[in-house]
Amino acid sequence: MEVRKNKVFTLLVGIIAIIGGIFALAYPKSAGNAFAVVIGIAAIVIGILIIIAAILTGNVVSVIIGVIILVLGILIETSPETFNAWLGLIVGIWLIISGVLGIFQDFKTPKLNMLRLVINLLLLIGGILLVIGTWAFASAVGYIIGIWLILYGVSYLTTALTK
């Protein structure tokens, strides 16, 4: 029963990611700004939680880290367009990490799934291209998010359907 629940969850995540990717491709500027706002809110909440935990434990370094994260969150919220200008680099690094971790995971599994391996290689290549040409891709943040979500969704769908 547990495997079936996981399979259904994995399938739903894949479908939702693909639908989100399609919307991001249809409305790239809105997708980029929405992503920036979500990141900003997350940074504010995380910064506040780190500050509270650090004060309770008396950890001065963590208080400083929490304040930095909080300030970054506020800056992102006040100017999501500026954040989007940097997002190409951030997403590029994220894609590189996701691609590399995915490739390692692909080779750890007993049965190599070639489609997942190709998707992870594309994530790695796309991440490298983004890091190299960050400013060229800065205006295409929404498209990048859309493509990533679709690839992510396809990866989840193939996992769910091959279990």
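What you see is a predicted model, and the numbers here were worked out from it, not measured in a lab. (Residues numbered from 1 in each chain as written. Predicted model: local features only at pLDDT ≥ 70, side-chain atom pairs only at ≥ 80, totals over all residues. Heavy atoms only, no water.)

### What to know about the nonpolar core
Residues F83, L87, V91, L95, L123, L130 and I145 are the most contacted members of the largest nonpolar core, which totals 15 residues. Listed by contribution, the elements that provide at least two residues to this core are α2 (28-57), α4 (80-108), α5 (114-132) and α7 (141-161). If we skip the residues at most four places from it in the chain, L95 touches L123, L124, G126, G127, L130 and W148. (Core = buried A, V, L, I, M, F, W, Y, C linked by side-chain atoms within 4.5 Å. Buried < 20%, exposed > 50% of the residue type's maximum accessible area, 1.4 Å probe, protein only. Helix = DSSP H or I, 4+ residues; strand = E, 2+ residues; numbered from the N terminus. Contact = heavy atoms within 4.5 Å.)

### Considering the packing of α5 against α7
Contact pair α5 / α7: the axes reach a minimum separation of 10 Å and the direction vectors enclose 160°. On the basis of their axis angle, the class for α5 and α7 is roughly antiparallel. The element α5 and its partner α7 pack so that their crossing is left-handed. Residues L115, R116, I119, L123 and L130 of α5 pack against I144, W148, L151, V154, S155, T158 and T159 of α7. Partitioning the contact of α5 with α7 into residue classes produces eight nonpolar, three polar and one charged. (Axes fitted to C-alpha atoms, helices over the stretch in contact; angles between N-to-C directions. Parallel < 35°, antiparallel > 145°, perpendicular 65-115°, else oblique. Left-handed = near helix turned anticlockwise from the far one by under 90°. Nonpolar A, V, L, I, M, F, W, Y, C, P; charged D, E, K, R; others polar.)

### Re the environment of I68
Assignment of secondary structure puts I68 in helix α3 (residues 60-78). Between the alpha carbons of I68 and V131 there is a distance of 24 Å; along the sequence they are 63 residues apart.

### Points about the confidence of the model for the protein
With 93% of its residues at a pLDDT of at least 70, the protein reaches an overall mean of 84. Of all the helices and strands in the protein, helix α6 (residues 134-137) carries the lowest mean pLDDT, 61, while α3 carries the highest, 92. (pLDDT = per-residue confidence, 0-100.)

### Observations regarding the packing of aromatic side chains
Taken as a whole and assessed by the stated rule, the structure comprises four aromatic pairs. Ring centres of W94 and W148 lie 4.8 Å apart, and the angle between their planes is 45°; this geometry places the pair in the tilted category. Remark: W148 occurs in helix α7 and W94 occurs in helix α4; sequence separation between them is 54 residues. Of the residues examined, W148 reaches a relative accessible area of 14% and is grouped as buried. Ring plane angle 25° and centroid distance 4.8 Å describe the contact between W148 and Y152, whose orientation is recorded as stacked. (Phe/Tyr/Trp six-rings, centres within 6.5 Å; stacked < 30°, edge-to-face > 60°.)

### Here we look at the pattern of salt bridges
Applying the stated criterion to the full structure yields one salt bridge. For D106, the salt bridge goes to R116, with nearest N and O atoms at 3.4 Å. Of this pair, D106 sits in helix α4 while R116 sits in helix α5, placing them ten residues apart in sequence. Grouping residues by exposure puts D106 and R116 together as buried. (Salt bridge = Lys/Arg side-chain N within 4 Å of Asp/Glu carboxyl O.)

### Description of α2
The end-to-end C-alpha separation of α2 is 43 Å, in line with the 44 Å expected for 30 residues at 1.5 Å each. Inspection of α2 places P28, A31, G32, N33, A36, G40, A43, G47, I51 and A54 among the buried residues, and these make up the whole buried set. One or two positions beyond α2, positive phi appears at G58, with a value near 75°. (Expected span 1.5 Å × (residues − 1).)

### Side note on the packing of α4 against α5
The geometry of α4 relative to α5 is characterised by a closest axis approach of 7 Å and an angle of 155° between their N-to-C directions. Taken together, the axes of α4 and α5 are roughly antiparallel relative to one another. In terms of crossing hand, the pair formed by α4 and α5 is left-handed.

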